[in-house]
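Structural overview
Each chain is listed here by its residues.
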Amino acid sequence: MPASVSLSLSLPLSPTARSDPSVAASPFGAFRRSGLRFCGLRREVLSLRSLNSEASGRISPYPARGLSNKVLAAAKSNGSPTKGFDYDLVIIGAGVGGHGAALHAVEKGLKTAIIEGDIVGGTCVNRGCVPSKALLAVSGRMRELQDEHHLKALGLQVASPGYDRQSVADHANNLASKIRSNLTNSMKALGVDILTGVGTIVGTQRVKYGKVGFPDTEVTARNIIIATGSVPFVPNGIEVDGKTVFTSDHALKLEWVPDWIAIVGSGYIGLEFSDVYTALGSEVTFVEALDQLMPGFDPEIAKLAQRILINPRKIDHHTGVFAKKITPAKDRKPVLIELIDAKTKEPKDTLEVDAALIATGRAPFTKGLGLENINVTTVRGFVPVDEHMQVMDADGNLVPHIYCIGDANGKLMLAHAASAQGISVVEQISGNNNVLNHLSIPAACFTHPEISMVGLTEPQAREKSEKDGFEIRVAKTSFKANTKALAENEGEGLAKLIYRPDTGEILGVHILGLHAADLIHEASNAIALGTRIQDIRFAVHAHPTLSEVLDELFKSAKVNVGTSPSVSEPVAV
Amino acid sequence: MAASPSTTSVAGAGPLLSFSSSLSSPSRRVLLPLVRRSSGGAGRRAARIPAISAKIREIFMPALSSTMTEGKIVSWVKSEGDRLSKGESVVVVESDKADMDVETFYDGILAAIVVPAGESAPVGAPIGLLAETEDEVPLAKAQAQSQSQSQPAPVTQSPPSPPSVAAPSPPPPPPAPVATPVAVSEGPRKIVATPFAKKLAKQHKVDIGTVVGTGPYGRITPSDIEAAVGIQPKVPVSSPSPAVTPVPQSPAPSADTSAKAPAAALPPIPGSTVVPFTTMQAAVSKNMVESLSVPTFRVGYPVTTNALDALYEKVKPKGVTMTVLLAKAAAMALAKHPVVNASCKDGKSFTYNESINIAVAVAIDGGLITPVLQDADKLDIYLLSQRWKDLLKKSRAKQLQPNEYSSGTFTVSNLGMFGVDRFDAILPPGQGAIMAVGASKPTVVADADGFFSVKSKMLVNVTADHRIIYGADLAAFLQTFAKIVEDPESLTL
């Protein structure tokens, strides 16, 4: 039914518009686009009121060709909200997860709105992945320029490299605002309604939003996605003043570079900041509650990472200890960190440092969402969901029409995981059964060199193999054998493959080395698509490239099956 | 075979304990696969020990890198009793750089594990025993046992490895002027050292407890350790401190510019850096050398300051500083003793100055300047304070006009605020006298009747040109000065 509406509008203009991607080039492109946009996204279409006047009265200001194609795609299913609803989909939270979901929803023809309570782009763009990459880009170069040994080996001479802190900070800030405006524009261009204010769920298909001090507006939606993300987690006893004791939120502004900074927590965030701070001249002390640094990484990778990223740098560490109390610097005293043994709780030591960065993870931001209105109780703040990201209520029943993606559900707290979950939800509500395989989602830590991983770690794989009764094997290759890495004089690194020799299934890949974050996708795609080692090993890699590290890795795996997928069928005995 | 530099005869009953002493030069060895025969090479065995068939080989800790002195057993791939064939991985060893699989060159049975997983052993120490046949397994086991008893060292966590501190750092310069005015810390003060300082201390084998920290909050910094070892502080190159001004000028005046320095005769002390004088510093230097041509002498005088202190408290809210009060007092005393305000220009005559201009020494960043309070005897302390404030502002901004710093007829230098109780000033050229003021501090004094009381006393010390000012002149001047200070009401008139 809605499709015919769209046709009636666009036919008089250009009957071929929908299937012709070059439409933007035609003189009437802009006009047609705007018409289509109304069809797709405005609810007036539904009632067929004043359609023509509205359509012709507004010309889309977005000239991008890609855009017109997307809009056309949207028009294919011509989403108009189901009768009786303001929107097909309302997304609460405009971070990377909400953005990914919104874009895909438009593509699926859903009339979509996104509610942003803070700032478009959320944590990733404004206080996370994005600005930190800017700082890491600087730290990587500083590190190279300071490595006299390395430069000498390449025949380079560089005199006293230095940096200007404010310019570095500006670079990070500018990058964030640029990406933020890109994100905003991409949604506006597609006609996603951006509603400003704090979104609260009133009922299963009702959401209200509004700025503090202003009356709330209530909208109805066929489906709701919660994508409110997370905030830095600060354990009790730690007093954050934003100056000498701070979280990643403050650290990314790079307001100063302390001589000596303690980083509490040695996960991704802590590790990346240690890379930034040591390159800029700080000394770093890690405080880690577990017995090993870098918990969560494959142990072998963590060990090698310690050799490459920790031991040779101006870093020391305390493991197996909690920071029980952290007092910011004041009254001419440094920052004081009281450490207690993680197991016995005995006091162990007191550190006196210039600053402390709290990188103990992130806590879901689900307060004020109105979850009580739909009988949902959070688990440690996380919204419980099933494999389709559909929210479960306090009694374990699925709540109809409400989904939760990203950090707020805690399944995998990564920006791209949130986005993937959002796309999966949109598929689901569009009628395509879709379950996201979280084991195919890669993760990366942008130290120098980088660390990346996908799937299971070796201990996880061993546990699974014992439980399910199959054999696993591990293959490894070194960056030392890679021509491109040696040309860069960056031979340090390891790629590790965990696989099933009986089927050739890839269970996990872990890489530590130059551009590891970019290299991981061959493996994550293989896992996502179910490609087996016996097949992928015949894929050709350009020479000489770093990707040959993975080529070698796949080739070195010993799979007990033939190359043809048909041969891998189990033989009945 | 290629990989066995030393062989030990273990066969037979007796020499079971000889393993520990068999390491001639293990570190030379680079080859990984390492099993050392303990009963002679395959070929030689027949020739040398024909009667004995027992063959037990040691698996020992390989040197996986040139800097490795000890290794940690990550895991044993094989367990005791496993049959090994040539080329198989037996054990995973962790060095300072990497984890490596160590393979065997020989077939045999892993008879005994001497160093279990998780423990460390020095390079070359036996970590396991390989028996050629089942029969030798018990023998090897016995051997392993006696070995671990007789030589527990390699089994401990961190054996006292020989002092072969890797080689990454350049050899420290010769006469390491060992830094150690034994830790000044009173009581059990906690030692705080930065991560890199600790690393350096370990690398250079410095006992961190003996180093005195000079960093913020008394912490030990990398440069403290470097100083303790006698290493030249790294040239600014690698210290990426907020390089606001990336050192302009010629390629860093390093040690050998000493040719220009006057004290060229002295051999340069390693680690010293030469920084040329600024214009101001050059001027100070010139004046100080010139002052040597003037015969000076010094007279000190204790002054009670209780009254002055009380006055100061009263006028402080009006912006009057102690410096101004002292300058005013000196000016008033000078008015009564014009000779002390005079100067000797040519060595033949007195030059009596009409005005009394008090120069006050002020330390500014990297230098010293003497702004002048002109006509200090005539102006009141409030006006002087106003002037003084302006002068200070100009000094800091380096905007003093020549007549504002060179027209002094008498100088006051006060180090009392630092707790200095007395000091000796050098007479600036062109003036007759300079007064050095120490700190005022409570002192027990006895009066003529033998009553004790506590008074604040301050020592002033005047340096004067003896060509024109004699001892009695100075004494009289100081007496007047003391009277004014002890009864300071006149200062406010």
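Residues numbered from 1 in each chain as written. Chains lettered and ligands numbered in written order. Predicted model: local features only at pLDDT ≥ 70, side-chain atom pairs only at ≥ 80, totals over all residues. Heavy atoms only, no water.

1. Some remarks on the overall build of chain A
A count of helical and extended segments in chain A gives 19 helices and 23 strands. Per-residue burial for chain A yields a buried fraction of 52% across its 573 residues. In chain A, the share of contacts with a sequence separation of at least 24, taken over all contacts with a separation of at least 6, comes to 64%. (Helix = DSSP H or I, 4+ residues; strand = E, 2+ residues; numbered from the N terminus. Buried < 20%, exposed > 50% of the residue type's maximum accessible area, 1.4 Å probe, protein only. Contact = heavy atoms within 4.5 Å.)

2. As for the overall build of chain B
Counting secondary structure elements, chain B contains 10 helices and 17 strands. Buried residues in chain B amount to 39% of all 493 residues. Intrachain contacts of chain B at a sequence separation of at least 6 include 63% that bridge at least 24 residues. Carbon and sulfur atoms form 60% of the exposed surface of chain B, whose accessible area is close to 26,000 Å². (Areas by Shrake-Rupley, 256 points an atom, 1.4 Å probe, with all protein chains shown as cover.)

3. Here we look at the UniProt feature "active site" (unreviewed entry) in chain A
Residues and elements named next belong to chain A. Cross-referencing UniProt, the feature "active site" (unreviewed entry) maps to His543 in the present numbering. Among the secondary structure elements, His543 is positioned in the loop between α18 (533-536) and α19 (548-556). We classify His543 as exposed; its relative accessible area is 57%. Sequence-distant contacts of His543, that is, excluding residues within four places in its chain, are made with Thr483 and Glu548. Within the structure, the side chain of His543 is placed 2.7 Å from the side chain of Glu548, a separation counted as a polar contact. (UniProt positions renumbered as here; feature names shortened; annotations may be inferred. Polar contact = N/O pair within 3.5 Å; in protein donor to acceptor, adjacent residues only side chain to side chain.)

4. What to know about the sheet that holds strand β17 (residues 452-465) of chain B
All names here are of chain B. Here we have 6 strands laid out as an open sheet, ordered β10-β17-β16-β15-β11-β14, and mixed in their pairing. Two strands lie at the open edges of the sheet, namely β10 (296-304) and β14 (372-373), each paired on one side alone. Those strands touched by helix α6 (residues 306-315) are β10, β16 (433-446) and β17, and its axis lies near 90° from that of β17. Helix α10 (residues 471-486) contacts β10, β15 (410-414), β16 and β17 of the sheet and is inclined by roughly 25° relative to β10. (Pairing = 2+ DSSP bridges. Axes fitted to C-alpha atoms, helices over the stretch in contact; angles between N-to-C directions.)

5. What to know about unusual backbone geometry
Omega for the peptide link from His448 of chain A to Pro449 of chain A comes to 0°, which places this bond in the cis form. Examined against the element boundaries, Pro449 of chain A turns out to sit in the loop between β19 (443-445) and β20 (450-455). In this chain, His543 of chain A is followed by Pro544 of chain A through a cis amide linkage whose omega measures -5°. The residue Pro544 of chain A is located in the loop between α18 and α19 in this model. In this structure, Asn489 of chain A takes a positive phi of about 60° despite not being glycine. Among the structural elements, Asn489 of chain A can be located in the loop between α16 (483-487) and β22 (494-499). Overall, the relative accessible area of 34% leaves Asn489 of chain A in the partly exposed class. Located in the positive-phi region is Tyr217 of chain B, a residue other than glycine, with phi close to 55°. Along the polypeptide, Tyr217 of chain B turns up in the loop between α3 (195-203) and α4 (222-229).

6. Quick look at the sheet that holds strand β13 (residues 335-341) of chain A
Residue and element names in this part refer to chain A. What the 3 strands build is an open sheet, ordered β12-β13-β14; its pairing is antiparallel. Both outer strands of the open sheet, β12 (321-327) and β14 (347-353), are each paired with one neighbouring strand and no more. Within this sheet the neighbouring strands show an average axis-to-axis angle of 25°, counted without direction. Of the pairings in the sheet, the one linking β13 to β14 comprises 6 bridges and is antiparallel in character. Residue pairing across strands places Leu336 opposite Glu352, the latter belonging to β14.

7. Let's talk about helix α8 (residues 381-396) of chain B
Residues and elements named next belong to chain B. The terminal C-alpha atoms of α8 lie 22 Å apart, and with 16 residues this matches the ideal 22 Å at 1.5 Å per residue to within 8%. Along α8, the residues that are buried comprise Ile381, Leu384, Ser385, Trp388, Leu391, Leu392 and Ser395. One side of α8 holds all its buried residues, which, seen down the axis, span an arc of 125°. Set apart from the buried face of α8 by more than 90 degrees, the exposed residues are Lys389 and Lys393. For α8, the capping residue at the N-terminal end is Asp380, with a side-chain oxygen 2.9 Å from the backbone nitrogen of Tyr382. One or two positions beyond α8, positive phi appears at Lys398, with a value near 55°. (Expected span 1.5 Å × (residues − 1). Arc of directions from axis to C-beta.)

8. Considerations on the side chain of Thr228 of chain A
Residues and elements named next belong to chain A. Topologically, Thr228 is positioned in the loop between β6 (217-226) and β7 (230-232). Engagement of the side chain of Thr228 in a polar contact is seen with the backbone oxygen of Phe365, the distance being 2.8 Å. In contact with Thr228, other than residues within four places in its own chain, are Ile92, Phe365, Thr366, Leu369 and Ala408.

9. Topic: the interface of chain B and chain A
Taken together, the contacts link 26 residues of chain B with 31 residues of chain A. Interface area, chain B with chain A, both sides summed: about 2,100 Å², of which 51% is carbon and sulfur. The tally of links from chain B across to chain A stands at 2 salt bridges. Scanning the region where chain B abuts chain A turns up 8 residue pairs in polar contact (both at pLDDT 80 or more). Considering only residue class, the side of chain B that touches chain A consists of 13 nonpolar, 3 polar and 10 charged. (Buried area = accessible area lost by both parts, 1.4 Å probe. Salt bridge = Lys/Arg side-chain N within 4 Å of Asp/Glu carboxyl O. Nonpolar A, V, L, I, M, F, W, Y, C, P; charged D, E, K, R; others polar.)

10. So, the pairing of strand β4 (residues 198-203) of chain A
Residues and elements named next belong to chain A. In this structure, β4 lies alongside strand β5 (residues 206-210), joined through 5 bridges in antiparallel fashion. Paired with Thr200 across the strands is Lys208, a residue of β5. Following β4, the chain reverses through 2 residues before pairing antiparallel with β5.

11. Some thoughts on the pattern of salt bridges
Taken as a whole and judged by the stated rule, the model has 34 salt bridges over all chains. Between Asp421 of chain B and Arg422 of chain B there is a salt bridge, and its shortest N-O distance comes to 3.2 Å. A single network of salt bridges, built from pairs that share partners, joins Asp298, Glu300, Glu458, Arg462, Lys476 and Lys496 of chain A.

12. Side note on the UniProt feature "domain: Peripheral subunit-binding (PSBD)" (unreviewed entry) in chain B
Mapped onto the present numbering, the UniProt feature "domain: Peripheral subunit-binding (PSBD)" (unreviewed entry) falls on residues 192-229 of chain B. The distance from the first to the last C-alpha atom of residues 192-229 of chain B is 18 Å, and the span holds 45% helix and 0% strand.

13. What about the confidence of the model for chain B?
Residue and element names in this part refer to chain B. Within chain B, residue pLDDT values average 75, and 72% of them lie at 70 or more. Every residue in residues 1-53 scores below 50 in pLDDT, and together they form 103 contacts with partners more than four places removed in sequence or on other chains. The low-confidence segment residues 235-264, where pLDDT is below 50, has 19 contacts with residues more than four positions distant or belonging to other chains. Both confidence scores are given for the complex: pTM 0.58, ipTM 0.75. (pLDDT = per-residue confidence, 0-100.)

14. Let's talk about the environment of Ala137 of chain A
Residue and element names in this part refer to chain A. Within the secondary structure, Ala137 is located in helix α8 (residues 129-146). The exposure class assigned to Ala137 is partly exposed, which follows from its relative accessible area of 28%. Between the C-alpha atoms of Ala137 and Phe446, which are 309 residues apart in sequence, the distance is 9.2 Å.

15. Examining the nonpolar core
Val340, Ile358, Phe410, Met435, Leu474, Phe477 and Phe481 of chain B are the most contacted members of the largest nonpolar core, which has 55 residues in total. The element best represented in this core is helix α7 (residues 322-336) of chain B, accounting for 10 residues. Non-local contacts of Phe410 of chain B, meaning those with residues more than four positions away in its chain, are made with Ala330, Leu334, Val340, Asn341, Asn357, Ile358, Ala359, Gln431, Ala433, Ile434, Met435 and Phe477 of chain B. Counting residues in each nonpolar core, the second largest holds 50 residues, with Met187, Leu190, Leu369 and Met389 of chain A among its members. (Core = buried A, V, L, I, M, F, W, Y, C linked by side-chain atoms within 4.5 Å.)

16. Quick look at the confidence of the model for chain A
A low pLDDT score tells you not to read the predicted coordinates there in detail. Residues and elements named next belong to chain A. Overall, the predicted model of chain A reaches an average pLDDT of 85, with 84% of residues at or above 70. In the predicted structure, residues 1-78 sits below a pLDDT of 50 and forms 107 contacts with residues beyond four places in sequence or in another chain. Here residues 565-573 is a poorly scored stretch, pLDDT under 50, and it has 4 contacts once near neighbours within four places are set aside; other chains count.

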